[in-house]
Amino acid sequence: MKRNVILLAALFAFSAFGLVSCDNDDSEPGRFEKGAFVLNEGAFNNSNASVSWVNYNTDSTVNGVFESVNKRPLGDVLQSAIKSKGKIYLVVNNSGKVEVVNSTDFMQAGVIENLNNPRYAAVADDNIYISQWNGWGQKGAVLVYSTSNLNKVDSIPVGTGAEGIIYTAGRIWLANSGGFGIDSTIFVINPNTNKVEDTLFVGFCPKELVTDANGKIWAICSGTTIYDANWNIVGSKPSSLAVINPNTKEVEKTIALFDSKHPSHLDISPDKQTIYFGGGYGFNGIFSISINATSIPEQPSILGSYYGFNVNPNNGDIYCLEAPSFTGAGVLKVYASDFTGPKKEVEVGIGPNGVIFN
């Protein structure tokens, strides 16, 4: 399961979550164009991952989109997704696959199978790069597939616990979180050769990456809680933000976050001037800072325990996701870019962890 709570989630029992009625406009061809897709992780080993669609202008919601459109289950643990060139690539972790659908109607367009703990994906030119763990505590890999025919192109060895991955400045950037251990590296991959050409050292357990208005790469380094053999807490590694110059491949700035709190998610405003971080299992609040900041505020911009969040690149709304349990419905709360709200609150699937925007 996502972000080192896989064993905890496995304890929860399964309960199905079905469809919510939608208005007439949502039944037309291309009905998913004017809304957001909520990625619902589901409960580990229950194969009840799902996708919910939420209309931008109303509270109209369709749960179980993939199943209802394609007449089959999505799979076990929807880890993440990426949208590119009219396609959405759904990374289904415990099922070891990436489902490909059309972004407008969610009809299946292909599948990449036989993966081992896939986590995140990035598209560069005509290839998709997929991070995967390979196993618990083992070195990871980035797998390369053609977007045109979904055939395998290459496999690139990387660090432990391969997580967030982006394509910017002509390179693939891959965060190695350590999985259930500790890693502190970001690998730089040349897509022309599919070789690792540099290794950068950042804070403990980097998870996700974004690019700001100046082209700088930001990494959320969540840190981690350290346990002994009996699951007693014996220590903690601090969390931080790292800012990388992609031209020099140097860490230009590090912003300390917390000694023993571990935010997992990172996103950016539509103008790429404001960084948002927070969310994840056990973390409270969504914080925001300017890309010119050197420290963080004492209080979050949005209060609440959110398993995940994302920022709508169309208008700056912040989509915050609650996962009160892994046996029943999660909740989406939408806040305006000035942090007022929530202006929308709807039920979605089990364990919502992220959002893709049409």
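That block above? That's the structure.
For the structure given in this document, a descriptive report is provided here.

Parameters and conventions
Residues numbered from 1 in each chain as written. Predicted model: local features only at pLDDT ≥ 70, side-chain atom pairs only at ≥ 80, totals over all residues. Heavy atoms only, no water. Helix = DSSP H or I, 4+ residues; strand = E, 2+ residues; numbered from the N terminus. Rg over C-alpha atoms; globule rule 2.2 N^0.38 Å. Buried < 20%, exposed > 50% of the residue type's maximum accessible area, 1.4 Å probe, protein only. Pairing = 2+ DSSP bridges. Axes fitted to C-alpha atoms, helices over the stretch in contact; angles between N-to-C directions. Patch = residues over 30% accessible without salt bridge, like charges linked within 9 Å, V, L, I, M, F, W, Y side chains within 5 Å. Areas by Shrake-Rupley, 256 points an atom, 1.4 Å probe, with all protein chains shown as cover. Salt bridge = Lys/Arg side-chain N within 4 Å of Asp/Glu carboxyl O. Core = buried A, V, L, I, M, F, W, Y, C linked by side-chain atoms within 4.5 Å. Contact = heavy atoms within 4.5 Å. Phe/Tyr/Trp six-rings, centres within 6.5 Å; stacked < 30°, edge-to-face > 60°.

**Notes on the overall build of the protein**
Consideration 1: Of regular secondary structure, the protein possesses two helices and 30 strands.
Consideration 2: For a compact globule of 358 residues, the expected C-alpha radius of gyration is about 21 Å, and the protein comes in at 19 Å, within 12% of that figure.
Consideration 3: Oriented by its inertia axes, the alpha-carbon framework of the protein measures out at about 50 × 45 × 45 Å.
Consideration 4: Out of the 358 residues in the protein, the part that is buried amounts to 57%.

**What about the sheet that holds strand 5 (residues 87-92)?**
Pairing between the strands of a sheet comes from backbone hydrogen bonds, and it takes one of two forms, parallel or antiparallel.
Consideration 1: A sheet is described by the order of its strands in space; here four strands give the open sequence 4-5-6-7, paired in antiparallel fashion. The sheet is open, and its two borders are formed by strand 4 (78-84) and strand 7 (108-112), each paired with just one other strand. Across the sheet, the axes of successive neighbouring strands diverge by a mean angle of 20 degrees, strand direction being ignored.

**Observations concerning a nonpolar patch on the surface**
Consideration 1: On the surface, a cluster of nonpolar side chains totalling about 400 Å² of accessible area is made up of Tyr227, Trp231 and Ile233.
Consideration 2: Looking at the element boundaries, Trp231 is found in the loop between strand 18 (224-227) and strand 19 (233-237).

**Observations concerning the nonpolar core**
Consideration 1: Ranked by size, the top nonpolar core spans 19 residues in total, and within it Phe37, Leu74, Leu78, Ile88, Leu90 and Phe106 carry the most contacts.
Consideration 2: Listing elements by their share of this core, those giving two or more residues are strand 1 (35-40), strand 2 (50-55), helix 2 (65-70), strand 4 and strand 5.
Consideration 3: Setting aside its immediate chain neighbours within four residues, Phe106 contacts Phe32, Phe37, Val51, Val65, Phe66, Val69, Asn70, Ile88, Leu90 and Val101.
Consideration 4: One finds Trp218, Leu241, Ile275 and Ile296 within the second-largest nonpolar core, a separate group that totals 18 residues.

**Considerations on the pattern of salt bridges**
Consideration 1: Applying the stated criterion across every chain yields a total of nine salt bridges.
Consideration 2: Measuring nitrogen to oxygen at the nearest pair gives 2.8 Å for the salt bridge that ties Glu99 to Lys97. Lys97 matches Glu99 in its accessibility class, with the two residues each being buried.
Consideration 3: Residue Lys343 pairs with Asp317 through a salt bridge whose shortest N-O separation is 2.8 Å. Of this pair, Lys343 sits in the loop between strand 28 (331-335) and strand 29 (344-347) while Asp317 sits in the loop between strand 26 (308-311) and strand 27 (318-322), and the two are 26 residues apart along the sequence.
Consideration 4: Using a relative accessible area of 6% as the deciding quantity, one classes Asp317 as buried.
Consideration 5: The network of salt bridges with common partners includes Arg72, Lys97 and Glu99.

**Quick look at the packing of aromatic side chains**
Consideration 1: By the definition in use, this model includes 13 aromatic pairs.
Consideration 2: Centroid distance Trp133 to Phe180: 5.6 Å. Interplanar angle 85 degrees. Geometry classified as edge-to-face. Here Trp133 is found in the loop between strand 9 (127-132) and strand 10 (139-146), whereas its partner Phe180 is found in the loop between strand 13 (171-176) and strand 14 (185-190), with 47 residues between them in sequence.
Consideration 3: Through pairs of rings, three or more aromatic residues link up here, namely Phe32, Phe37, Trp53 and Phe106.

**What to know about the side chain of Ser103**
Consideration 1: Mapped onto the secondary structure, Ser103 falls in the loop between strand 6 (97-102) and strand 7.
Consideration 2: Given the relative accessible area of 6%, Ser103 is considered buried.
Consideration 3: Each residue touching Ser103, except ones within four places of it in the same chain, is listed here: Phe32, Phe37, Lys83, Gly86, Lys87, Ile88 and Asn358.

**Re the sheet that holds strand 16 (residues 206-211)**
Consideration 1: With antiparallel pairing, four strands are arranged side by side in an open sheet as 16-17-20-21. Both outer strands of the open sheet, strand 16 and strand 21 (250-256), are each paired with one neighbouring strand and no more. Sheet twist, expressed as the average angle between the axes of neighbouring strands with direction ignored, equals 20 degrees.
Consideration 2: As paired elements, strand 16 and strand 17 (residues 217-221) share five bridges and run antiparallel to each other. Across the sheet, the residue bridging to Pro206 is Cys221, located in strand 17.

**Considering the pairing of strand 26**
Consideration 1: With burial as the criterion, each face of strand 26 is covered, one bearing Gly308 and Asn310 and the other bearing Phe309 and Val311.
Consideration 2: Strand direction decides the pairing type here: strand 26 and strand 27, joined by four bridges, are antiparallel. Its bridge partner lying in strand 27, Asn310 is registered against Tyr319.
Consideration 3: Where strand 26 hands over to strand 27, the hairpin turn is made up of six residues, of which Gly316 adopts a positive phi near 85 degrees.

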